Protein chains: 2
Amino acid sequence: MINMAKKVVIIGGGDAGTYTLEAIFKKGAEVLKQFDITLVKKEKGGSASICAVPLALQGFFRMKDVTEVDPPETFIGHGIDYRTETEATGINLETSTVSLDTGDELKYDSLVIATGRKPRIPDVEGATVKGVYTMSTMEDGEKIEAAMNSPEAKNAVVIGGGTIGIQVAVAFSKKGLKTTVVIGHQKPLSSILDSDMGSLVHEKLAKEGLEFVLGQNVESILGDGAEVKAVVVGGKEIPADIVVISSGMLPNSDLAEKAGLDIGETGGIVTDQFLHVKKDGKYLSQVYALGDCVEVLDAITLSPRLSQLASTVLVQAKVVVNDLLGGSYPLEPALSPSVATISDFQVGVVGITSATAERYGITVISGKKEKPTKARFYAGRKSMAVKLLFDAYSERLIGAQLISEEMVADRIDGLYNAIRNGMTAKELSRMEKSFDPCISLHRDVMVDAMDNAVVQFKA
Amino acid sequence: MINMAKKVVIIGGGDAGTYTLEAIFKKGAEVLKQFDITLVKKEKGGSASICAVPLALQGFFRMKDVTEVDPPETFIGHGIDYRTETEATGINLETSTVSLDTGDELKYDSLVIATGRKPRIPDVEGATVKGVYTMSTMEDGEKIEAAMNSPEAKNAVVIGGGTIGIQVAVAFSKKGLKTTVVIGHQKPLSSILDSDMGSLVHEKLAKEGLEFVLGQNVESILGDGAEVKAVVVGGKEIPADIVVISSGMLPNSDLAEKAGLDIGETGGIVTDQFLHVKKDGKYLSQVYALGDCVEVLDAITLSPRLSQLASTVLVQAKVVVNDLLGGSYPLEPALSPSVATISDFQVGVVGITSATAERYGITVISGKKEKPTKARFYAGRKSMAVKLLFDAYSERLIGAQLISEEMVADRIDGLYNAIRNGMTAKELSRMEKSFDPCISLHRDVMVDAMDNAVVQFKA
């Protein structure tokens, strides 16, 4: 009997590759039998939780618990040809084969490109001095943990004010290192927060002892012999025993580009709504790309952008597997709801910021409010800051930013739902809301923020 | 100069009356000046948080902090003629006047009926014996607190398995009283939970030492001279020093009925979507009713029912005040999202149960899942049980039941949003979701429950 199983090759064993496998496993053993799956990955080990690494540095959990969530045996046990420390060096679309650094050629019926991302390194002298790290892989996490625990570590500089950079800086500060964050923008988290909301994060972290250098770029990194010694900003030297460069992540689309696939202006691989890649103006039905290496369509601006989130790829993996099985299940344009633990804060966002709205010519009406999340007679209540952005013309919600010590994630997911369904400020302010004095507040901060927006629209 | 202010009379100072005042205050001083407002209420004191009383009995907060959230002076300070210990004895629709027990007659341009609810007392011998309480007013809460703190209190019986009854029973049990709950249905919380979800509550509370008598009704309450002694169920005597009857709440619509207004089968006052009351087949544009005394239209079954929640009246108050000001702002049919603290559990629901679906001939496909809310390497994670109900024909979400020690309220509000927008299981299972390892899980329990429903629908 001839083996009629469909040969699937997956390049990459990060979240994108792993979730693709899991989405197939979820379909059951009968479906899994229809496939002959090979996954190749450069790294050692099985699946890992890379977004947990900066939080492991802060001591929320042990590094070794996040570096291997599922060992290779988990996947091998499902019958996957799971090849670690193996690099794909080329894709031949004519012959439907993938070349490996081992010299092997893998034939595929369907190919899944899940090559992830790589850190953007600013063009700065000294960026390769010893003691200068990036935070993108498990190995990076382990190296940074060793460096921050060294008795010589006294001064740390983080270059970049995104989520990962700030989380690593908080880890250094918690560990007792004098920590400076150098940010090119005026506020931390400027890609996801308006500056008034970014100020809340800035003030909180400054109060906790982090130093900030805002609106300036690093000029050079100085080494003292073999080791990093200082970072130069605005002509001044900031002493540094550890430097982490966290200046954003670029799609790792080199292999796709080499194979002649379309790469967008964002640097991400271009796909259709079934995650098929594009070549010479046509989408290829047997080749998929997903995860941090692709660009997505923004649901508000309808323009391409990056959405390098585990939650983005989780949905993409379902779409890829559904298409592999012959179903029709298109990917929706992305709203990228996200939440991040920043010190005691949970910072949650969905949709676009005011800066993005301005770039695309969208006039915004915003509703803001900061107040406690629970009844005044409840001792354990926290404060929550809410900023909601509405399109001035349609009155629809197009973005939301929440900061609090609690309740942020699920509220962001609820607001995602409201944006997805085109809900307006008036509709939202009329929503029923669950209430229990131990859990929530009936005159809720989000409803107040909505009401504050409503009065700015004409009746 | 003639005073052209519009005379508004509000009957009732519970949540419905209070929220109506607050919705007017929120419009600003200029709007407030257009009205000459009198509020009459039977009770002493200002606004209170009645739903916090059973939780105050459990020690979450002090009784005196919830019994007067805002004193009368708060409202008097806004220029309201706020009359406590004053009962409205009649409404004359011909003359647009309200008669008071003081002998006064109040003339109105607009009338707001906010007469609230009253406890349903089962027709049982002994229901008026000393030591038998209901839990509906602040005074009830104070009396029950005094009784449970008495050194003679050893045995307690709660009659009724709704939220309030269970919360009072938990308070007794926490206080060390041997506590028995007698429920006519097979499971606690049967009006909001399917029996499989109700079992989780039952098992949890039984483990904590509460006794349950299920599927049986109380036959009589026995007094020993002046004081309650026992409750008789199934021919057996359950010793009792305190008995609380919590057999549901009825709309307090007597005054409206006496005035000839339409009362629905539920016992609630009939209104249109602007909360105008109905008389002789016509809605009266100058007379409103809202809160626990009215019936609402259910958003799934499109049939009248009661929705005696603070969150329901909060939305209704906005609609009433908007209509008073000449705006057009209809009330949506109700989905009644709610959450309740039951011991360590948060029990949250929205939409209809399987029993209600069956009563209305709706075929249900349900998706269920119970699993932790956070990553496996996170020490503080809790379990969450989810049951989602979908209409088999349209595949739309029509109900949700969540039980966990955390995260329930905001998820219920998000699911409310999904039901309101007619989202299907397939659409929901493709939603992006925020993720942070300290806060949430990317393979989330709700998404699993949705996926479990999706596979039951035809592709």
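Residues numbered from 1 in each chain as written. Chains lettered and ligands numbered in written order. Predicted model: local features only at pLDDT ≥ 70, side-chain atom pairs only at ≥ 80, totals over all residues. Heavy atoms only, no water.

Asks: Looking at this structure, I do not really get the interface of chain A and chain B. What am I missing?
Replies: A common way to state how big an interface is: give the accessible area lost once the parts meet. Taken together, the 68 residues of chain A in the interface contact 68 residues of chain B. Around 5,700 Å² of area is buried between chain A and chain B when both sides are counted, 55% of it from carbon and sulfur atoms. There are 14 salt bridges connecting chain A and chain B. Seen at the junction of chain A and chain B, the total is 34 residue pairs in polar contact (both at pLDDT 80 or more). For the side of chain A that touches chain B, the elements supplying multiple residues, two or more each, are α1 (15-25), α4 (63-67), α10 (310-324), β22 (338-342), α12 (408-420), α13 (425-429) and α14 (445-454) of chain A. A total of ten residues in the side of chain A that touches chain B trace back to one element, the largest contributor, which is α12(A). Looking at side-chain class alone, the side of chain A that touches chain B contains 34 nonpolar, 16 polar and 18 charged residues. (Contact = heavy atoms within 4.5 Å. Buried area = accessible area lost by both parts, 1.4 Å probe. Salt bridge = Lys/Arg side-chain N within 4 Å of Asp/Glu carboxyl O. Polar contact = N/O pair within 3.5 Å; in protein donor to acceptor, adjacent residues only side chain to side chain. Helix = DSSP H or I, 4+ residues; strand = E, 2+ residues; numbered from the N terminus. Nonpolar A, V, L, I, M, F, W, Y, C, P; charged D, E, K, R; others polar.)

Asks: Looking at this model, I keep getting lost on the sheet that holds strand β16 (residues 242-245) of chain A. Mind explaining?
Replies: Note on sheets: strands pair through backbone hydrogen bonds, and any given pair is parallel or antiparallel. Residues and elements named next belong to chain A. What the five strands build is an open sheet, ordered β9-β16-β10-β11-β12; its pairing is parallel. The sheet terminates laterally at β9 (132-134) and β12 (211-214), the two strands that pair on one side only. Each strand of the sheet is rotated relative to its neighbour by a mean of 20°, with strand direction disregarded. Strand direction decides the pairing type here: β9 and β16, joined by three bridges, are parallel. The partner of Thr134 across the bridge, within β16, is Ile245. The strands that helix α6 (residues 138-149) touches are β9 and β16; relative to β9, the one it contacts most, it runs at about 145°. (Pairing = 2+ DSSP bridges. Axes fitted to C-alpha atoms, helices over the stretch in contact; angles between N-to-C directions.)

Asks: Sorry, what's going on with the pattern of salt bridges here?
Replies: Charged atoms that come close allow side chains of opposite charge to pair. By the definition in use, this model includes 54 salt bridges over all chains. Between A:Arg83 and A:Asp81 there is a salt bridge; the shortest N-O distance is 2.9 Å. One continuous salt-bridge network, built from bridges that share partners, spans A:Lys26, A:Lys318, B:Lys371, B:Asp448 and B:Asp451.

Asks: What's the story with the domain arrangement of chain A in this structure? I'm lost.
Replies: Residue and element names in this part refer to chain A. Under the domain assignment used here, chain A contains domain 1 (6-118 + 250-324), domain 2 (121-247) and domain 3 (344-454). Between the C-alpha centres of domain 1 and domain 3 there is a distance of 34 Å. Contacts between the two partners involve five residues from domain 1 and, on the opposite side, seven residues from domain 3. When the two sides are added together, the surface that domain 1 and domain 3 hide from each other amounts to roughly 430 Å², 79% of it contributed by carbon and sulfur. Interface area lost by domain 1 to domain 3 is led by Ile300, Thr301 and Ser303, which between them contribute 83%. For the pair domain 1 and domain 3, the interface holds zero salt bridges. At the surface where domain 1 touches domain 3, the tally comes to zero residue pairs in polar contact (both at pLDDT 80 or more). (Domains from an automatic or database assignment.)

Asks: I keep staring at the packing of aromatic side chains and nothing clicks. Help me out?
Replies: Each aromatic ring pair is characterised by the separation of its centres together with the angle its planes make. All told, the structure shown has eight aromatic pairs over all chains when counted by the stated rule. Residues A:Phe60 and A:Phe61 carry aromatic rings whose centres are separated by 6.4 Å and whose planes lie at 45° to one another, so their mutual orientation is tilted. For A:Phe60, a relative accessible area of 30% gives the class partly exposed. A:Phe61 gets classed as buried once you look at its relative accessible area, which sits at 6%. Centre to centre, the rings of B:Phe25 and B:Phe75 are 6.5 Å apart; their planes meet at 35°, and the pair counts as tilted. (Phe/Tyr/Trp six-rings, centres within 6.5 Å; stacked < 30°, edge-to-face > 60°. Buried < 20%, exposed > 50% of the residue type's maximum accessible area, 1.4 Å probe, protein only.)

Asks: What exactly am I supposed to notice about the nonpolar core here?
Replies: Formed by 158 residues in total, the largest nonpolar core has its most connected members in A:Phe172, A:Ile242, B:Phe172 and B:Ile242. Aside from chain neighbours lying at most four places away, what touches B:Phe172 is B:Ile144, B:Met148, B:Ala156, B:Val158, B:Leu177, B:Thr179, B:Ile242 and B:Val244. (Core = buried A, V, L, I, M, F, W, Y, C linked by side-chain atoms within 4.5 Å.)

Asks: Please explain the confidence of the model for chain A as it appears in this structure.
Replies: One rule of thumb: low pLDDT means the predicted coordinates there are not for detailed reading. When pLDDT is averaged across chain A, the result is 94; 99% of the residues are at 70 or more. This complex was scored by the predictor with a pTM of 0.91 and an ipTM of 0.86. (pLDDT = per-residue confidence, 0-100.)

Asks: Would you explain the relation of the copies chain A and chain B in this entry?
Replies: Mapping between the two copies of the chain is achieved by a rotation about an axis and a shift along the axis. Its rotation angle being 180°, the transformation that places chain A on chain B also includes 0.0 Å of axial translation and leaves an RMSD of 0.0 Å. The superposition operator between the copies reduces to a two-fold rotation axis. Residue A:Gly414, judged by its C-alpha, is the member of chain A lying nearest the rotation axis, at 2.0 Å. (Least-squares fit on C-alpha atoms with pLDDT ≥ 70 in both.)

Asks: Would you take a moment to explain the side chain of B:Asp292 for this structure?
Replies: All names here are of chain B. Topologically, Asp292 is positioned in the loop between β19 (282-289) and β20 (296-297). Residue Asp292 is classed as buried on the basis of its relative accessible area of 17%. Among the polar contacts listed, one links the side chain of Asp292 to the side chain of Arg117, at a separation of 3.4 Å. Setting aside residues up to four positions removed in sequence, Asp292 forms contacts with Gly116, Arg117, Pro251, Gln308 and Leu309.

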